[in-house]
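# Analysis of the macromolecular model
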Amino acid sequence: AEETVICLRGPWTRSNLGPLRECFSRAAARGVDLRLDLSQATHADPSFFGLLMLFHGSQQERGHRLVCGPTNPRIRRIFRFACAEFMLEGSAGAPFRTRRPLP
């Protein structure tokens, strides 16, 4: 499948997500897999993760992917805190992991 790469730089917060929403809309209309290169991103807030999770689900429903990577250590840590590691390149794809089986 065709893959489109979007490179994000700097902080990504509620105040500047408009252009990213437009990119997501264009990618969905074209029916392509999408990769976010976050190696130059410096911050991401809950609004960013909400948008990513909505688009990730939309992509899955259409049989396409959203993958986040490459990243930097700071952004990877923010993904971990947001319980969003399942969207990172190289993850197992599980939304969460437990150390022991649940009863």
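Definitions and cut-offs
Residues numbered from 1 in each chain as written. Predicted model: local features only at pLDDT ≥ 70, side-chain atom pairs only at ≥ 80, totals over all residues. Heavy atoms only, no water. Core = buried A, V, L, I, M, F, W, Y, C linked by side-chain atoms within 4.5 Å. Buried < 20%, exposed > 50% of the residue type's maximum accessible area, 1.4 Å probe, protein only. Helix = DSSP H or I, 4+ residues; strand = E, 2+ residues; numbered from the N terminus. Contact = heavy atoms within 4.5 Å. Pairing = 2+ DSSP bridges. pLDDT = per-residue confidence, 0-100. Expected span 1.5 Å × (residues − 1). Arc of directions from axis to C-beta.

Moving on to the nonpolar core. With 27 residues, the main nonpolar core has Leu-20, Leu-36, Leu-38, Phe-48, Leu-52 and Phe-79 as its most contacted residues. Within the residue set of this core, elements represented by two or more residues are β1 (3-12), α1 (18-30), β2 (33-44), α2 (46-61), β3 (66-68) and α3 (73-81). Not counting residues within four places of it along the chain, the set of residues in contact with Leu-20 comprises Leu-8, Trp-12, Leu-36, Phe-48 and Leu-51.

Bridge count between β1 and β2: nine bridges; the pairing is parallel. Its bridge partner being in β2, Glu-3 is matched across the sheet by Asp-33.

This brings us to the confidence of the model for the chain. Per-residue pLDDT for the chain has a mean of 88; in total, 87% of the residues score no lower than 70. Predicted confidence is poor over residues 94-103, with pLDDT under 50, and the contacts of this stretch with residues over four places away or in other chains come to six contacts.

Further remarks concern α1. Think of an α-helix as turning once every 3.6 residues; residues three or four places apart then point the same way. For α1, which comprises 13 residues, the first-to-last C-alpha distance of 19 Å matches the rise-based estimate of 18 Å (1.5 Å per residue) to within 8%. Buried within α1 we find Leu-20, Phe-24 and Ala-27. Around the axis of α1, the buried residues are gathered within 65° of arc, so they sit on the same side. Residues Pro-19 and Ala-29 are exposed on α1 and point more than 90 degrees away from its buried face. Gly-31, located one to two residues past α1, shows a positive phi value of around 70°.

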